[in-house]
Amino acid sequence: MPLTILSFFPSGSAQVLTEAALREAAQTARALAPAKARVEVRSLDRTFVQMRFPEGGGAPEVVIDGERLAPLFAPAVMTITFDDNIEDAYLRVSQTADALHGKLGARGTGIFDGRLHLDEIREGATRGVLALAMNVRRSDMDRDDYFHYYLGRHVPMAIRLTPPLVIRYRTFRPLHTLGDFRADSVTFQEFESEATLMAFFQARVADGDAARDDAAEFIQSLVYYVGERAVSA
Amino acid sequence: MPLAIISFFGDSRTAPVSDADLKRAWKLAQSVVPEGSKVEARALDRTFLHMRYPKPDGAPEVKLNDPASLPPPIAAGAITVWMDDALDNVELKTQQTAKALHEALSARTTGTFDARRHLDRVGNGTTPTLQALAVVERRPDLDRDTFMQYYRTHHVPLAKSLKPRFVRYTTFRLLERIGDFPGDCVTLQEYPSLDELLTHLTTRTAKNDTAGDDIGNFIAQLVYNIGERTLVQSETFTDKRG
């Protein structure tokens, strides 16, 4: 999968973005990105789940909904997926990320190696609910080891467990970041509806869930944000 | 560009890799890669340039085309595998292929890389004769992200703007390693001839060369291993040693 920019915007705002604001941001990104790049903006409406895995093993601390959840990282995320076949793709991506970060007044923007692991939507229009996870690796792993485990072991296992609830599953490995971005990776899981999202997470946070137990092997903590609105340009 | 694997095999301190050995390595690689992969085998016949910055921002130590003082190449040959990004679970398959390749070749070291091509004046034409495969080590005060960002967004455009003699230019950012790969990146520069390479590197290592001076901003050490024999998908040698 090609190079991808994720930009979390705007900075310092807890406000819910209107449809018009999402559309305007998408148009801004469209104007900055090369012609063949795919532009999509998603709202992030609320923090949904936090998990922290104790260093010595054992059950994770899980927070689902409620007042103990952290505030939103940002009200929206812009995704620009690049055509890898353009000349000097990496330079163009970098220039676009710099410009986008400034224009959107973003909190954090990154260039990522995006990987598409599951896609039941195919070329269809984006729909449904996005669960976006920001993951922090275990402190005893470097980032290479972390991704070795994540992409080589966890993702294939998780995919075996997820259909038909998850309709698209993407992971993003940061290559370069701007602003305030501290996670080691970002995960997009997309669902048809709020109901399938809830069913998925109820299974994942339950004791004895294989994917949850495996997450403890490489993740220290993760936060999921959920958004239901999407605009493409 | 897709994920790539580079596996360094054979002991360069003994004898250059023979054509037969190179072909054997290429066939071994073909037997372990998934369908849709592209395999290239390159001889690494000698080290051509060693550039090292003992102190950041200081002058570099340069050894160029001086066989007596240059160390042997990292290995006698290198296999490059270009993975097909359309494969299901391509990340897992890349890991598995790298491990299988490493074992099959009894390699010194094998890495998986994010590969980016910055210049291609060859296209699908004949593979250039002279291959310079550089192992690049970042400055210790830079992390790998910062190093690669500078490399790809500052140095590469600069190098391309200064009438380079290479006709293809690709950087490989290390993602994972097996064995003792000593760098953070591999750079592949392909030249029409040894003369062109020598002209290029003589210019780049001269005092006050803009691109040469920029190297010290992000690199602690680089070693160019060169070879003139390449075995590509068509199973034919490109060999212009005369």
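This text follows the structure it describes.
Rules and cut-offs
- Residues numbered from 1 in each chain as written.
- Chains lettered and ligands numbered in written order.
- Predicted model: local features only at pLDDT ≥ 70, side-chain atom pairs only at ≥ 80, totals over all residues.
- Helix = DSSP H or I, 4+ residues; strand = E, 2+ residues; numbered from the N terminus.
- Rg over C-alpha atoms; globule rule 2.2 N^0.38 Å.
- Buried ≥ 20, exposed ≤ 12 C-beta atoms within 10 Å, placed from the backbone.
- Contact = placed C-beta atoms within 7 Å.
- Pairing = 2+ DSSP bridges.
- Nonpolar A, V, L, I, M, F, W, Y, C, P; charged D, E, K, R; others polar.
- Axes fitted to C-alpha atoms, helices over the stretch in contact; angles between N-to-C directions.
- Arc of directions from axis to C-beta.

*Asks:* When you look at the overall build of chain A in this model, what are you seeing that I'm missing?
*Replies:* A tally of regular secondary structure across chain A gives five helices and 11 strands. A compact globule built from 233 residues should have a C-alpha radius of gyration of about 17 Å, and chain A, at 17 Å, falls within 12% of that. Put simply, chain A has 233 residues, and 42% of those count as buried. Within chain A, contacts between residues at least 6 apart in sequence are counted, and of these 84% link residues at least 24 apart.

*Asks:* Explain the pairing of strand 10 (residues 219-227) of chain B to me, please; I cannot follow it from the model alone.
*Replies:* Strand residues, when the strand is regular, have side chains that alternate between the two faces of the sheet. All names here are of chain B. Strand 10 sits mainly inside the fold: seven of its nine residues count as buried. Where strand 3 (residues 46-52) lies against strand 10, six bridges are found, and the strand directions are antiparallel. Paired with Thr47 across the bridge in strand 10 is Asn225. Relative to strand 10, strand 7 (residues 130-138) runs antiparallel, the two sharing eight bridges. Bridge pairing in strand 10 places Leu133 opposite Asn225.

*Asks:* So what exactly am I meant to see when it comes to unusual backbone geometry here?
*Replies:* Comment: phi is negative for the bulk of residues other than glycine, and the bulk of peptide bonds are trans. Residues Phe9 of chain A and Pro10 of chain A are joined by a peptide bond in cis, for which omega reads -20 degrees. Along the chain, the position of Pro10 of chain A falls in the loop between strand 1 (3-9) and helix 1 (19-32). Unusually for a residue other than glycine, Asn65 of chain B sits at a positive phi of about 50 degrees. Mapping Asn65 of chain B onto the fold places it in the loop between strand 4 (61-64) and strand 5 (77-82). Note on Asn65 of chain B: 17 C-beta atoms within 10 Å, which makes it partly exposed. Of note in the backbone geometry, Asn89 of chain B takes a positive phi value of approximately 55 degrees without being a glycine. Along the chain, Asn89 of chain B falls in the loop between strand 5 and helix 2 (90-104).

*Asks:* Quick question: what am I supposed to make of the interface of chain A and chain B here?
*Replies:* One frequent convention defines the size of an interface as the accessible area lost when the parts assemble. Between chain A and chain B, the contact holds 17 residues from the first and 17 residues from the second. Among the elements that line the side of chain A that touches chain B, the one with the most residues is helix 3 (residues 143-161) of chain A, at six residues. Looking at the side of chain A that touches chain B residue by residue, the classes come out as eight nonpolar, four polar and five charged.

*Asks:* Got a minute to help me understand the sheet that holds strand 5 (residues 76-81) of chain A in this structure?
*Replies:* In a beta sheet, neighbouring strands pair by backbone hydrogen bonds and run either parallel or antiparallel. Residue and element names in this part refer to chain A. Within the open sheet, the 11 strands sit side by side as 4-3-10-7-9-8-6-1-5-2-11. Their pairing is antiparallel. Edge positions in the sheet fall to strand 4 (61-64) and strand 11 (230-232), since each of these pairs with one other strand and no more. Direction aside, the axes of adjacent strands within the sheet are offset by 20 degrees on average. Strand direction decides the pairing type here: strand 3 (residues 46-52) and strand 10 (residues 219-227), joined by six bridges, are antiparallel. Of the residues in strand 10, the one forming a bridge with Arg46 is Val226.

*Asks:* In this structure, what is going on with helix 4 (residues 194-204) of chain A? I would like to understand it.
*Replies:* In an α-helix, one full turn covers 3.6 residues, which means residues spaced three or four apart are oriented alike. All names here are of chain A. Inspection of helix 4 places Leu197, Phe201 and Arg204 among the buried residues, and these make up the whole buried set. Projected down its long axis, helix 4 carries its buried residues within an arc of 55 degrees, all on one side. Projecting away from the buried face of helix 4 at angles above 90 degrees are the exposed residues Ala195 and Gln202.

*Asks:* Could you clarify how one ought to interpret the pairing of strand 1 (residues 3-9) of chain B in this entry?
*Replies:* All names here are of chain B. Within strand 1, seven of the seven residues are buried, leaving the element largely enclosed by the surrounding structure. Of the two faces of strand 1, the one holding Leu3, Ile5, Ser7 and Phe9 and the one holding Ala4, Ile6 and Phe8 are both buried throughout. Relative to strand 6 (residues 109-120), strand 1 is paired through six bridges, and the arrangement is antiparallel. When the bridges of strand 6 are listed, Ile6 appears paired with Gly111.

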